[in-house]
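A structural walkthrough
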Amino acid sequence: MKKAMKKSVYAVFDIGKTNKKLILFDEDQQIIDEEQHVCTDVLDDDGFVCDHLPRLTEWVLDHWRQLRTHEHYTVKGVNFTAYGASFVHLGADGQPLLPLYNYLKPLPAEIEEKFYAELGQSPEDFAADTCSPRLGLLNSGLQLYWLKYAKPEQYAKIHTSLHLPNYLSYLISGEKFSDYTSVGCHTALWDYKRNQYHDWVRREGIDEKLAPLTRDSIASVVDGILVGVGMHDSTAAVMPYLAENEEPFVLVSTGTWSVTINPFNSRPLTPELLHRDCLSFMTPRGEATRAARVFLGREHDFQVERIAAHFHVKPDFYRSIVLARPYDETSADFKPGCMAGTGPFPDEPADEWDLSGFRTASDAYQHLMHGLISILLESIHLVWQGEKTIFVDGGFARNPLFMQTLSWNFPKAEIRTLEVPQATALGALVHLEQGEALKKTHPLFTDENDLPLVTAQDRTV
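Residues numbered from 1 in each chain as written. Predicted model: local features only at pLDDT ≥ 70, side-chain atom pairs only at ≥ 80, totals over all residues. Heavy atoms only, no water.

**A look at the packing of aromatic side chains**
Short version of the rule: Here is the rule: rings of Phe, Tyr and Trp (six-membered ring for Trp) pair when centre to centre is within 6.5 Å. Planes less than 30 degrees apart are stacked, more than 60 are edge-to-face, and the remainder are tilted. Secondary structure elements follow DSSP: runs of H or I no shorter than four residues count as helices, runs of E no shorter than two count as strands, and numbering proceeds from the N terminus. We call a residue buried when its accessible area falls under 20% of the maximum for its residue type, exposed when it is over 50%, and partly exposed in between, using a 1.4 Å probe and counting protein chains only.
In this structure the tally under the stated criterion is 26 aromatic pairs. Relative to Phe126, the ring of Phe115 has its centre 5.6 Å away and its plane inclined at 70°; by these criteria the two rings are edge-to-face. On the criterion of sequence distance, the pair formed by Phe115 in helix H2 (residues 109-117) and Phe126 in helix H3 (residues 123-130) is long-range, its members being eleven residues apart. On the basis of relative accessibility, which here comes to 1%, the residue Phe115 falls in the buried class. Seen from their ring centres, Tyr167 and Tyr170 are 6.4 Å apart, and the 40° between their planes marks the pair as tilted. Of the two residues, Tyr167 and Tyr170 both sit in helix H6 (residues 164-173), three residues apart, roughly one turn of that helix.

Below, the structure written as C-alpha cells:
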C-alpha cells in the first residue's frame, strides 16, 4: 500500500503564565492541532511560588522529539512566544542553574533603594528613559541586579541569562540570543532615547550575562527546519494585524487588563504618561511601540458581581442585553473599585459605586458600560493619533454594548473585530516567516561546497 504523504506544518510553543500550549499550523496559517500543558507550580529557593522549569523544559523537548518523528507531519519551522519579565539563568555547561523566578516575587526594599540611589538620575527620569514604570521584579533587569547583591555566589556561576522565549529557542537551536521584543518589555534594561542598553547595565556588568541581540527571527536551521529566536507574547499578538493591514491602526486587546497598542506611535514616553500606565514595547526590529493599560476586565467582573447580588439575578444576566442606551449624565457617577494606582487615573482612590438609584440590573449595567468606556477612552487617547481603524480583540469584542458604546465615541473611525484564533501563536509564526533564512536559506547558510557562509552569530547587532 502506498504510504500517505506527510503534511507540512509549523509549530509554535506558546507559553503563558497560566496556559502553555503547542499549536500546529498548516502552510496556510490555519490551526490543525493544539495541545495544552498543565505545569504545576513549585517553590523557589526562597519559598516563593514559580513555574516548574525542569518540567516545562521536559515537556517542550518531548513534544519536539515527537514532532520530528511524527507519522503524519513534516515540520518546516518552529517558533516560541512566552510571557515576559522572566529569565532562565544558564551555567557554563549550558544548563539552568537557578529557578525560573516569578516576576511577582517582592524585590527586597534595601536592594531597590540601593539600585535607585546609584542610578545618577531620578526614578522618574529613569522610568522615562527605559519606558519601564517602577514595577519591582516585573522590571526583569532588576532580577539580575537582585541576584548580584542578594545571591552573589549563584550570580557568579551564571554564564548566560536568556529571556524565557529565547531559552525555549535555545533548547532546540543550541543558539543563545536576546531579541528586542523581550529586552523592550518594561525590563529597565534598554535606554529608548539612546537606543542601547542603559548605562547601569554596563556599569554593573549585567551586559556580560546577556546573549547577543538579533533582529532576525531565525536562530538557526536544524536539519532543514527553521528554528525561531522567540518573542514576547504582547508583541506577538499584534503581528497578525500588521500582516493583514497596510493602513495604520490601533489594537485594543481586552481581558483582565485591556491594553491599547499603537504599532505606529513611537513617540517617547514622559514621566506623566508612565504615571498614567503607559509603557513601550519594542518591535522585533528594535523600534518603540506605545501602549496604555487599564484594569478593565477585572473592574467589569467585580461590578457585575455587585450588580447581580444587589438585584438578586444570575451573574451572567448582562449577556442578554444587546442594545446600548445613549449616554446620560448619571453615568458620570460611576466609581471604580479596582483601578486605584493603575490606568489613566492612578491617583483616584478606590470607591464604592452606589447602586441604590437604579431600578433594574439592566439599568445599572448600561451605566457601568458607559463608566468603563469613559475610562478606557482616556487610556486609548494616550496612544491614539487619529488612526481610522481601531481593532478590538479579546472578551469585550463579543460584548455588543461595549462595541456599540465604543463606536459612538469614535464617529470618524471604523471599530472592527478581527477574530484571530490564537493570535499570539499566529504572530510568532508570522514573525518566523519574515526571517532572513526563509528568504535566502541556500545562500545564507551554504555555498556550493556546502561550507557555511553565515552563522546565526553573524546576524547579531
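**A look at the packing of helix H12 (residues 296-311) against helix H13 (residues 361-381)**
The description of two packed helices rests on the angle between their axes and on the distance between the axes. Note the following rule: With axes taken as lines fitted to C-alpha atoms, and helix axes fitted only over the stretch in contact, angles between N-to-C directions fall between 0 and 180 degrees. When describing relative orientation, an angle under 35 degrees is termed roughly parallel and one over 145 degrees roughly antiparallel, while 65 to 115 degrees is termed roughly perpendicular and anything else oblique. The hand of a helix crossing depends on one turn: near helix anticlockwise from the far one by less than a right angle means left-handed, and clockwise means right-handed. We call two residues in contact when some of their heavy atoms are within 4.5 Å. In this count, Pro and Cys sit with the nonpolar residues alongside Ala, Val, Leu, Ile, Met, Phe, Trp and Tyr, while Asp, Glu, Lys and Arg are called charged and the others, Gly among them, polar.
Between H12 and H13, whose axes approach to 10 Å, the crossing angle comes to 160°. Viewed along their axes, H12 and H13 adopt a mutual orientation that is roughly antiparallel. Of the two possible hands of crossing, H12 and H13 adopt the one that is right-handed. Listed contacts from H13 to Leu296, Glu299, His300, Gln303, Val304, Ile307 and Phe311 of H12 are Ala361, Ala364, Tyr365, Leu368, Met369, Leu372 and Leu376. Class assignment of the residues belonging to the contact of H12 with H13 gives a composition of eleven nonpolar, two polar and one charged.

**Some thoughts on H3**
If you check which residues of H3 are buried, you get Phe126, Ala127, Ala128, Asp129 and Thr130. If you follow the buried residues of H3, they end up packed against H2, strand S10 (190-191), helix H8 (199-203) and helix H11 (271-275). Phi turns positive one or two residues past the end of H3, at Cys131, with a value near 50°.

**A word on the pattern of salt bridges**
Just so we agree on the cut-off: For this analysis, a salt bridge means a side-chain nitrogen from Lys or Arg found within 4 Å of a carboxyl oxygen belonging to Asp or Glu.
Applying the stated criterion across every chain yields a total of 19 salt bridges. Its salt-bridge partner being Glu352, residue Arg306 comes within 3.7 Å of it at the nearest N-O pair. With Arg306 in helix H12 and Glu352 in the loop between H12 and H13, the pair connects residues that are 46 residues apart, well separated along the chain. Looking at Glu352, the relative accessible area reads 61%, which means it is exposed. Within the structure, one salt-bridge network assembled from shared partners comprises Asp44, Asp45, Asp46, Lys105 and Lys151.

**Considering unusual backbone geometry**
Positive phi, normally seen in glycine, also occurs at Ala85, with a value near 55°. If you trace the backbone, Ala85 turns up in the loop between strand S6 (73-82) and strand S7 (87-90). Overall, Ala85 belongs to the buried group, its relative accessible area being 3%. A positive phi angle, near 70°, is found at Asp277, a position not held by glycine. Since its relative accessible area comes to 8%, Asp277 is described here as buried.

**A few points about the UniProt feature "domain: Carbohydrate kinase FGGY N-terminal" (unreviewed entry) in the protein chain**
The condition is simple: UniProt positions are given in the numbering used here, feature names are shortened, and annotations may be inferred rather than shown by experiment.
When the UniProt feature table is mapped onto this chain numbering, "domain: Carbohydrate kinase FGGY N-terminal" (unreviewed entry) sits at residues 10-199. As annotated, residues 10-199 comprises 34% helix and 25% strand, and the C-alpha atoms at either end are separated by 40 Å.

**Structural notes on the sheet that holds strand S21 (residues 414-416)**
Counted only if it meets this: Paired strands, as defined in this entry, are two strands with at least two bridges between them according to DSSP.
Overall, mixed pairing links the six strands, which are arranged S18-S19-S17-S16-S20-S21 in an open sheet. Across the chains shown, the open sheet's two edge strands, defined by having one partner strand only, are strand S18 (278-282) and S21. Recorded for the sheet is a direction-independent mean angle of 25° between the axes of neighbouring strands. Here strand S20 (residues 389-394) runs beside S21; their pairing, made up of three bridges, is parallel. Directly across from Ile390, in S21, lies its bridge partner Ile415. Taken strand by strand, H13 contacts strand S16 (250-254), strand S17 (258-262) and strand S19 (288-294), and its axis lies near 165° from that of S19.

**A short note on the UniProt feature "domain: Carbohydrate kinase FGGY C-terminal" (unreviewed entry) in the protein chain**
The positions that UniProt labels "domain: Carbohydrate kinase FGGY C-terminal" (unreviewed entry) are, in the present scheme, residues 247-433. Taken end to end, residues 247-433 has its terminal C-alpha atoms 21 Å apart, with 33% of it in helix and 17% in strand.

**Some words on the pairing of S6**
Of all ten residues making up S6, eight are buried, and the element is well covered by its neighbours. Note: strand S1 (residues 7-15) against S6, nine bridges, orientation parallel. When the sheet's bridge partners are listed, Val9 is paired in S6 with Val75. Across two bridges, the pairing between S6 and strand S15 (residues 231-232) is parallel. When the sheet's bridge partners are listed, Ala82 is paired in S15 with His232.

**Some words on the side chain of Asp233**
Counted only if it meets this: Note on charges: Lys and Arg go in the positive column, Asp and Glu in the negative column, and His and the chain ends are not counted at all.
Here Asp233 shows up in helix H9 (residues 233-236). Buried charge without a salt bridge: Asp233, with Lys21 as the nearest opposite-charge side chain at an N-O distance of 9.5 Å. Excluding residues within four positions of it along the chain, Asp233 makes contact with Thr81, Ala82, Tyr83, Gly84 and Thr424.

**Notes on the environment of Gly341**
Note that Gly341 resides in the loop between H12 and H13. Spatially, the C-alpha atom of Gly341 lies 28 Å from that of His163, the residues being 178 residues apart in sequence.

**Description of the environment of Asp301**
With respect to the helices, strands and loops of the structure, Asp301 is situated in helix H12. Residue Asp301 is classed as partly exposed on the basis of its relative accessible area of 41%. The sequence separation of Asp301 and Asp199 amounts to 102 residues, and the corresponding C-alpha distance is 43 Å.

**Concerning the domain arrangement of the protein chain**
Counted only if it meets this: Segmentation into domains, and thus their bounds, comes from an automatic or database assignment. A simple way to read buried area is as the amount of 1.4 Å-probe accessible surface that goes missing from two parts once joined, with both sides added. Here a polar contact is taken to be a pair of N or O atoms separated by no more than 3.5 Å, where protein atoms must pair a possible hydrogen donor with a possible acceptor and residues adjacent in sequence count only if both atoms sit in side chains.
Domain parsing of the protein chain yields domain 1 (7-229) and domain 2 (245-435). Distance between the C-alpha centres of domain 1 and domain 2: 28 Å. Listed by partner, the interface residues are 37 residues for domain 1 and 27 residues for domain 2. Summed over both partners, the interface of domain 1 with domain 2 comes to about 2,600 Å²; 68% of that surface belongs to carbon and sulfur atoms. Counting across the interface, domain 1 meets domain 2 through zero salt bridges. Inspection of the domain 1/domain 2 interface yields eight residue pairs in polar contact (both at pLDDT 80 or more). At the level of elements, S1, strand S2 (20-25), strand S3 (31-37), S6, H3, helix H7 (180-183) and strand S14 (225-228) are the ones that each hand at least two residues to the side of domain 1 that touches domain 2. For the side of domain 1 that touches domain 2, a count of residues per class yields 19 nonpolar, twelve polar and six charged.

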